[in-house]
Structures are given as structure tokens and as C-alpha cells.
Amino acid sequence: MFMHNKRLMYTVRVNEPNPVLANLILEQFGGPDGELAAAMRYFTQGLGESDPGRKDMLLDIATEELSHLEVVGNLVSMLNKGARGKMAEGLETADLLAEITGGCDSHTTALLYGGGVPLTNSAGVPWTSAYVDSRSDPTCDLRSNIAAESRAKIIYERLMNLCKDDPDVKDALGFLMTREIAHQKSFEKALYSIKDNFPPGKLPGHPDFVDTYYNMSQGEGDMRGPWNASEQFEYVNDRDDQMAVDGGDGSASVNLSLEDTEVSQAMRQRLASDTASDPTTGADLGAGPGSGTTKQAPER
Ligand code: MN
Ligand code: MN
């Protein structure tokens with residue numbers, strides 16, 4: 001069950017209304033790296049998790065992310081407060097439009113959502129569960145969670161750099177940013193507490209290809225580094241050794257039933273190219289100056 005406490009997880013103080021900043025902070029409300037995405041990611045993972053330790057951690061962090069969502073939503077609400085009132089009361093101020101939009105695209109959130117707290121990102125794109133990419137394998141999902149926390153941390157950092165004029169908002173964002181660092185640490189510990197966590201799943205990689213680095217993009221700029229030069233990699237440069245690496249002829253084939261063979265051949269014959277033809281096209285017929293080389297349209 002869920003219970004709600006009226007005290008926020010972190011006190012929200014806002015120096016002054018700022019609808020433009022409110023709009024940008026929506027990125028962490030209903031955006032791909034925002035708090036709702038985080039909460040739903042860990043909540044649904046927790047529901048499906050059977051390891052008691054990971055289940056507990058996922059539900060702890062999911063619930064904390066909902067508390068972050070509440071802090072972010074309150075930041076947006078406070079930053080919009082003045083403008084929301086002016087719009088609602090029809091107050092005609094000469095610079096209301098500039099106040100709301102500040103030259104950026106917050107008109108959507110201002111007009112359509114009335115300065116409320118919509119589940120959108122900062123461009124007004126509605127939240128979607130497609131932001132959650134869980135696969136019900138803890139080594140996959142924990143790695144994805146680590147990446148999600150690192151993305152959330154970076155977005156908070158960018159937002160903090162935008163609110164130098166409001167140290168109180170910056171302070172609350174700094175708390176939220178810090179908690180994403182803490183979550184990343186927990187998820188990493190949980191991942192590495194699974195013995196043999198790489199590669200994911202039960203099947204090992206094929207020994208012929210699992211230690212190979214193919215230098216597929218060749219030319220000036222070829223570089224060697226730990227990603228391809230460390231002892232565990234065999235660096236394959238030769239083009240011949242990059243093709244049909246299974247030792248086959250590199251073609252594609254399939255065993256077909258007699259019926260499938262016949263129908264495939266019929267289709268192939270019906271759609272065959274006539275390589276001896278030289279058909280006149282619309283480009284030939286309409287060719288004018290500057291069209292390049294076209295053959296003369298045949299006389300009819
Ligand atoms: Mn969070
Ligand atoms: Mn987090």
C-alpha cells in the first residue's frame with residue numbers, strides 16, 4: 001500500500017516566480033529521465049523481482065522517486081504561481097506573454113496546461129511508459145538503471161546551471177541530483193553482488209567472436225585504445241577476415257518446401273528485370289536544359 005505524508009522529502013523554497021524555469025524543470029517531471037519514469041521503472045521492476053534484497057531496494061527507491069516527483073512538481077507549481085493566477089483571472093499585463101514564455105517554448109505548458117504541473121517534458125511531449133526499458137533480467141535492468149540514474153544526474157546538473165539567480169531552487173535541485181548519485185551507487189552494488197553478472201543470461205558468447213574487435217571503419221583516424229588494444233581483444237584488420245567469419249561463403253539461403261519454391265520462382269519471374277531494355281522515363285520526356293545527359297526520346 002501507499003501512504004502519503006504532507007511533509008515533502010525536501011523543503012521547496014522558491015525565491016520568485018519564473019514560468020520559464022518552471023517549464024524547463026518539467027523535463028524532470030514527465031520527461032524520459034524524469035522522476036515519474038524513474039518511479040515507474042523501479043516500481044514495476046520491484047513487482048516482478050523475486051530476490052528479497054533487490055525487491056526491497058527497488059521498492060524503497062521507487063517510493064523515493066515518487067517523493068522526488070512531488071518535490072519537482074511543487075517546484076514547478078511555485079515557479080508558475082504568479083503567472084497561473086494572472087492567466088486565470090484574466091489580468092491584462094503588457095508583458096504577460098513575455099513573462100510566460102520568456103522567448104522559449106513554454107507557451108504550450110502555459111496555455112494548454114494553464115501553468116499547472118502536466119506530465120510532459122519541457123517541450124510539452126506527454127509522458128510515455130516507453131521511457132521504461134525493463135527486460136525482467138536483473139543484470140540487464142540494473143545496468144539500465146545505472147544509466148538512467150546517470151542521465152537524471154546530468155539533467156539536474158544542467159538545470160542547476162540555469163538557476164544561478166535562484167539559490168533556493170538550485171538547492172532543491174542539488175538534493176535531487178545528489179540522490180541520483182546515491183541510487184547509482186546502490187544499483188552498482190546490487191549488480192556486482194550478483195555472482196557472474198556478465199554477460200547477462202545463461203548462454204556464453206561464442207569463443208570465436210567474444211574476444212574479437214573488428215576494425216570495420218578503416219582509414220585515417222583508426223585508433224587503438226583499451227577498447228580494442230587490451231589483452232582480451234584480438235584486433236581484426238584484414239577485410240577478408242571480417243567477411244563470412246563463420247567460414248561459410250557469406251551468402252543467404254533457406255530450405256524451402258516444394259510449394260514455397262514454386263511460388264517464390266513464380267514471383268521472381270513475374271518481377272524480373274529486363275536488363276536488355278532501355279525504357280523511356282518521365283525524366284527523359286521532360287528533359288530540358290541543365291538536366292544532364294538523357295537519351296533522345298524514341299520516335300513513336
Ligand atoms: Mn529521483
Ligand atoms: Mn534516482
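Residues numbered from 1 in each chain as written. Chains lettered and ligands numbered in written order. Predicted model: local features only at pLDDT ≥ 70, side-chain atom pairs only at ≥ 80, totals over all residues. Heavy atoms only, no water.

**Quick look at the domain arrangement of the protein**
We note that the domain assignment places domain 1 (19-192) and domain 2 (204-243) within the protein. Computed from C-alpha coordinates alone, the two centres of domain 1 and domain 2 are separated by 40 Å. (Domains from an automatic or database assignment.)

**A closer look at the coordination of the manganese ion (ligand 1)**
Distances from the manganese ion (ligand 1) to its protein donors, namely E35 (OE), E35 (OE), E65 (OE), H68 (ND1) and E180 (OE), fall within the range 2.1 to 2.6 Å. Taken in chain order, the donor set of the manganese ion (ligand 1) reads E-x29-E-x2-H-x111-E. In this model, the manganese ion (ligand 1) sits 3.6 Å from the manganese ion (ligand 2), the two metals being bridged by E65. Remark: E180 occurs in helix α8 (residues 167-192) and E65 occurs in helix α4 (residues 52-88); sequence separation between them is 115 residues. The same class applies to E65 as to E180, namely buried. (Donors = N, O, S within 2.8 Å, 3.2 Å for Na, K, Ca; no water. Helix = DSSP H or I, 4+ residues; strand = E, 2+ residues; numbered from the N terminus. Buried < 20%, exposed > 50% of the residue type's maximum accessible area, 1.4 Å probe, protein only.)

**As for the coordination of the manganese ion (ligand 2)**
Of the protein atoms, only E65 (OE), E149 (OE), E149 (OE), E180 (OE) and H183 (ND1) coordinate the manganese ion (ligand 2), at distances of 2.0 to 2.4 Å. Between consecutive donors of the manganese ion (ligand 2), the numbers of intervening residues give the motif E-x83-E-x30-E-x2-H.

**Description of α8**
Its 26 residues give α8 an end-to-end C-alpha distance of 37 Å, which sits within 8% of 38 Å, the value for a rise of 1.5 Å per residue. Inspection of α8 places V169, A172, L173, G174, F175, L176, M177, E180, H183, F187, A190 and L191 among the buried residues, and these make up the whole buried set. Along its buried surface, α8 packs onto α1 (19-25), α3 (35-48), α4 and α7 (138-161). (Expected span 1.5 Å × (residues − 1). Contact = heavy atoms within 4.5 Å.)

**Considering the packing of aromatic side chains**
Under the counting rule described, the total for this entry stands at 5 aromatic pairs. Considering the side-chain rings of Y10 and F175, the 4.5 Å spacing of their centres and the 15 degrees angle between planes classify their relative orientation as stacked. Remark: F175 occurs in helix α8 and Y10 occurs in the segment before α1; sequence separation between them is 165 residues. For Y10, a relative accessible area of 22% puts it in the partly exposed group. Between Y42 and F187, the ring centres sit 4.8 Å apart and the planes meet at 45 degrees, which makes this aromatic pair tilted. Separated by 145 residues along the polypeptide, Y42 in helix α3 and F187 in helix α8 bring together distant segments of the chain. Judged on exposure class, the residue Y42 and its partner F187 are both buried. When the ring centre of Y235 is taken as origin, the NZ or CZ atom of R224, which lies over that ring, is 3.4 Å away. (Phe/Tyr/Trp six-rings, centres within 6.5 Å; stacked < 30°, edge-to-face > 60°. Lys NZ or Arg CZ within 6 Å of the ring centre and 35° of its normal.)

**Some details on the side chain of E180**
Despite being buried, E180 has no salt bridge partner; R179 is the closest side chain of opposite charge, sitting 7.1 Å away. With residues up to four places along the chain from it excluded, the contact list for E180 reads E35, E65, H68, E149, A152, K153 and Y156. (Lys, Arg positive; Asp, Glu negative; His and termini not counted. Salt bridge = Lys/Arg side-chain N within 4 Å of Asp/Glu carboxyl O.)

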